[in-house]
Amino acid sequence: MKKVLNALWGLWCAIGCFCSPIWLTLIFANISGFIYELDYSMDEGTAGIIGVVLLVVWILAVLLPVYYFIKRNKEHKVWILFIIILPVLLCMGIFGLNMNNFLFS
């Protein structure tokens, strides 16, 4: 049971790390107000509040599980780095290492 739970936790961390560059770019765009220049669906104040809420959700959904996954599996450091760094690099590679191309195109 522990191996299955560990595999599911690793999968969750990999999916969260894959989505993190896009998610953090959107959070930055909301907090800084750049999202208002892209579409006029909300004003800067509402975008800032939504950006802060999205940041809290990202911390709870991605950052804390990755931290506890690293903390629980200290003996498998190479695999943990592979699970965390490879999806981030893969996501950035898909969008050309520049999230501005994705967000501000």
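Since this is a predicted model, take the numbers as computed values, not measurements.

What counts as what
- Residues numbered from 1 in each chain as written.
- Predicted model: local features only at pLDDT ≥ 70, side-chain atom pairs only at ≥ 80, totals over all residues.
- Heavy atoms only, no water.
- Core = buried A, V, L, I, M, F, W, Y, C linked by side-chain atoms within 4.5 Å.
- Buried < 20%, exposed > 50% of the residue type's maximum accessible area, 1.4 Å probe, protein only.
- Helix = DSSP H or I, 4+ residues; strand = E, 2+ residues; numbered from the N terminus.
- Contact = heavy atoms within 4.5 Å.
- Disulfide = S-S within 2.5 Å.
- Axes fitted to C-alpha atoms, helices over the stretch in contact; angles between N-to-C directions.
- Left-handed = near helix turned anticlockwise from the far one by under 90°.
- Nonpolar A, V, L, I, M, F, W, Y, C, P; charged D, E, K, R; others polar.
- pLDDT = per-residue confidence, 0-100.

Structural notes on the nonpolar core
When a protein is soluble and globular, its nonpolar side chains tend to lie buried together.
Okay, step 1: Core analysis: the largest hydrophobic core is formed by 9 residues, namely Cys13, Cys17, Ile27, Trp58, Val62, Val66, Phe69, Ile80 and Ile84.
Okay, step 2: Among the secondary structure elements, those contributing two or more residues to this core are α1 (2-32), α3 (44-72) and α4 (77-94).
Okay, step 3: Sorting elements by how many residues they give to this core places α3 first, with 4 residues.
Okay, step 4: Beyond its immediate chain neighbours, meaning those up to four positions away, Cys13 contacts Pro65, Val66, Phe69 and Ile83.

Quick look at the side chain of Ser20
Okay, step 1: Here Ser20 shows up in helix α1.
Okay, step 2: A relative accessible area of 7% means that Ser20 is categorised as buried.
Okay, step 3: The residues touching Ser20, leaving out its near neighbours within four places in the chain, are Trp58 and Val62.

Side note on the state of the cysteines
Cysteine pairs can be covalently joined through their sulfur atoms, and such a bond is termed a disulfide.
Okay, step 1: The full count for this structure, using the stated rule, is 0 disulfides.
Okay, step 2: Note on Cys13: no disulfide assigned, nearest cysteine sulfur contributed by Cys17 at a separation of 6.2 Å.
Okay, step 3: Judged by its relative accessible area of 1%, Cys13 is buried.
Okay, step 4: With no disulfide of its own, Cys19 lies closest to Cys91 among cysteine sulfurs, the gap being 7.1 Å.

Focus: the packing of α1 against α4
Okay, step 1: For the pair α1 and α4, interaxial distance at closest approach is 8 Å and the crossing angle is 35°. For the crossing formed where α1 meets α4, the hand is right-handed. Taking contact as the criterion, the partners of Gly10, Cys13, Ala14, Cys17, Phe18, Pro21 and Ile22 in α1 are, on α4, Ile83, Ile84, Pro87, Val88, Leu90, Cys91, Met92 and Ile94.
Okay, step 2: Split into classes, the residues belonging to the contact of α1 with α4 amount to 14 nonpolar, 1 polar and no charged.

Points about the confidence of the model for the protein
Okay, step 1: Within the protein, residue pLDDT values average 86, and 91% of them lie at 70 or more.
Okay, step 2: For the protein, helix α5 (residues 99-103) is the element with the lowest average pLDDT, namely 60, and α3 is the one with the highest, namely 92.

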